[in-house]
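Each chain, letter by letter, is given below.
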Amino acid sequence: QTGSVLSYAFPADSTSPQKITFSTKIPDANYEAGTQQTLSNKARLLDGATELAEDTGSVSFTPQWITKEGKVNYNGSLGVYSPTDRTITWTITANQMGATLNGTYITDLLPAGLTLVSAKAQIKSGSDWIDMSPAREWWSAPADGNYQLGNISTPILLTIVTSVPDAAYAAGITHYKNSAKIGWTG
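Worth saying up front: this structure is predicted, and the values here are computed from it rather than measured. (Residues numbered from 1 in each chain as written. Predicted model: local features only at pLDDT ≥ 70, side-chain atom pairs only at ≥ 80, totals over all residues. Heavy atoms only, no water.)

Peer 1: Explain the sheet that holds strand β8 (residues 146-152) to me, please; I cannot follow it from the model alone.
Peer 2: Sheet strands line up and pair through hydrogen bonds in the backbone, either parallel or antiparallel. Taken together, 3 strands build an open sheet; the order of strands is β8-β5-β10 and the sheet is antiparallel. Because the sheet does not close on itself, it has two edges, and the strands there are β8 and β10 (181-183). Averaged over neighbouring strand pairs, the angle between their axes works out to 25° when direction is ignored. With 5 bridges connecting them, strand β5 (residues 101-107) and β8 associate as antiparallel partners. Across the sheet, residue Tyr105 finds its bridge partner in β8, namely Gln148. (Pairing = 2+ DSSP bridges. Helix = DSSP H or I, 4+ residues; strand = E, 2+ residues; numbered from the N terminus. Axes fitted to C-alpha atoms, helices over the stretch in contact; angles between N-to-C directions.)

So, in C-alpha cells, the structure goes:
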C-alpha cells in the first residue's frame, strides 16, 4: 500500500478469475454524519504500466446513532384496561456502531404529564444487553434531562419507564411525544 493506493502483484503463473478482498476505514466525517452516505472505490487491472480494465464499486449506508421507541402498558393487575397505573416504557438505543465515546450522555426531557418511575442503562455484550458497571440507574429524572453514561465503546440501551396521570375513566386518546439525543465530550 502506498498512500491511499492498495496494489497487489499476481504471481506469473496466475490464472483467471482472481479475487482480492480488503477492508477500508470509513472516514470520520462520513461515520459521524446523520444522513445517507455513499463511498466509492475504483479498481484497475494493469499489465505493467498498461491498463487492461477498470471498474468502480460503491456502498451506501446511513449511520444510525440513536433510535427511540415507546410502548404503552395500560393493563391493570387483572390484565384488563385500567385508567390508573398506566406506564410508557421508552427504549433508546444509541451508539449502534460501537464508537468509543467519552463523557457520554443521553438527553431526554420528559413531556408534561409524565413522571419518571425508573431509568436503567445497559451495554451490548454479544447479542445480550447487560447492566453497565458500575450500574447506571435513576429513580428521579435528572433536572437537565441528561442521563450521564460515562465512557462507552459499545452500543447502549437506556430504558425509561414513565407513569401516565391516573384518571377516573379515560375517554379519547392522549398523545405524548418526546425525543432523545446522544452527546459526548469532544
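Picking up after the structure, the text goes on.
Peer 1: Even after reading the chapter, I still don't get the pairing of strand β7 (residues 128-138), so can you show me in this structure?
Peer 2: Looking along a regular strand, one sees side chains alternate from face to face of the sheet. Across 7 bridges, strand β6 (residues 115-125) lies against β7 in antiparallel orientation. Counted as the bridge partner of Lys124 is Trp129 from β7. Here β6 folds back onto β7 in antiparallel fashion, the turn holding 2 residues, of which Gly126 has a positive phi close to 65°.

Peer 1: In this structure, what is going on with the layout of surface pockets? I would like to understand it.
Peer 2: Over the atoms, a rolled probe matching the size of one water molecule traces out where space is still vacant. Put simply, the largest pocket is a space of about 990 Å³. Residue lining of the largest pocket: 24 residues in total, with Leu6, Phe22, Lys42, Ala43 and Arg44 positioned closest to the centre. Of all the secondary structure elements, the ones that give two or more residues to the lining of the largest pocket are β1 (37-47) and β2 (50-61). A per-element tally of the lining of the largest pocket places β1 first, with 7 residues. Broken down by class, the residue content of the lining of the largest pocket amounts to 11 nonpolar, 9 polar and 4 charged. (1 Å grid on protein atoms, 1.4 Å probe; cavity = no way out; pocket = protein on both sides within 12 Å on 5 of 7 lines; lining within 4 Å. Points joined across faces, edges and corners; volume = space filled by probe spheres on them. Nonpolar A, V, L, I, M, F, W, Y, C, P; charged D, E, K, R; others polar.)

Peer 1: It is not clear to me how the pairing of β5 should be interpreted in this structure. Could you clarify?
Peer 2: Strand direction decides the pairing type here: β5 and β10, joined by 3 bridges, are antiparallel. Its bridge partner lying in β10, Thr107 is registered against Lys181.

Peer 1: Explanation requested: the pattern of salt bridges in the structure shown.
Peer 2: Enumeration according to the criterion identifies 3 salt bridges in this entry. We note a salt bridge from Asp131 to Lys120, for which the minimum N-O separation is 3.1 Å. Taken together, the positions of Asp131 in strand β7 and Lys120 in strand β6 put the pair 11 residues apart, joining distant regions of the chain. Given a relative accessible area of 30%, Lys120 falls into the partly exposed group. (Salt bridge = Lys/Arg side-chain N within 4 Å of Asp/Glu carboxyl O. Buried < 20%, exposed > 50% of the residue type's maximum accessible area, 1.4 Å probe, protein only.)

Peer 1: I tried to follow the environment of Thr91 on my own but got confused; where do I start?
Peer 2: With respect to the element layout, Thr91 can be found in strand β4 (residues 87-94). Between the C-alpha atom of Thr91 and that of Leu114, which follows or precedes it by 23 residues, the distance is 15 Å. Filtering out sequence-adjacent residues up to four positions away, Thr91 remains in contact with Thr67, Lys68, Glu69, Leu157, Leu158 and Thr159. (Contact = heavy atoms within 4.5 Å.)

Peer 1: Before we go on, may I ask you to explain the packing of aromatic side chains in this structure?
Peer 2: The description of two aromatic rings rests on the distance between their centres and on the angle between their planes. What the rule picks out here adds up to 3 aromatic pairs. One Lys or Arg, Lys68, reaches over the ring of Trp90 and ends 4.7 Å from the middle of that ring. (Phe/Tyr/Trp six-rings, centres within 6.5 Å; stacked < 30°, edge-to-face > 60°. Lys NZ or Arg CZ within 6 Å of the ring centre and 35° of its normal.)

Peer 1: It is not clear to me how the nonpolar core should be interpreted in this structure. Could you clarify?
Peer 2: As a rule of thumb, nonpolar side chains are buried together in soluble globular proteins. Ranked by size, the top nonpolar core spans 24 residues in total, and within it Ile106, Trp138, Leu158 and Ile160 carry the most contacts. For this core, the secondary-structure elements that each account for two or more residues are β4, β5, β6, β7, β8 and β9 (156-163). Of the residues forming this core, the biggest block, 4 residues, is contributed by β4. Sequence-distant contacts of Leu158, that is, excluding residues within four places in its chain, are made with Trp90, Thr91, Ile92, Ile106, Ala119, Lys120, Ala121, Trp138 and Tyr147. (Core = buried A, V, L, I, M, F, W, Y, C linked by side-chain atoms within 4.5 Å.)

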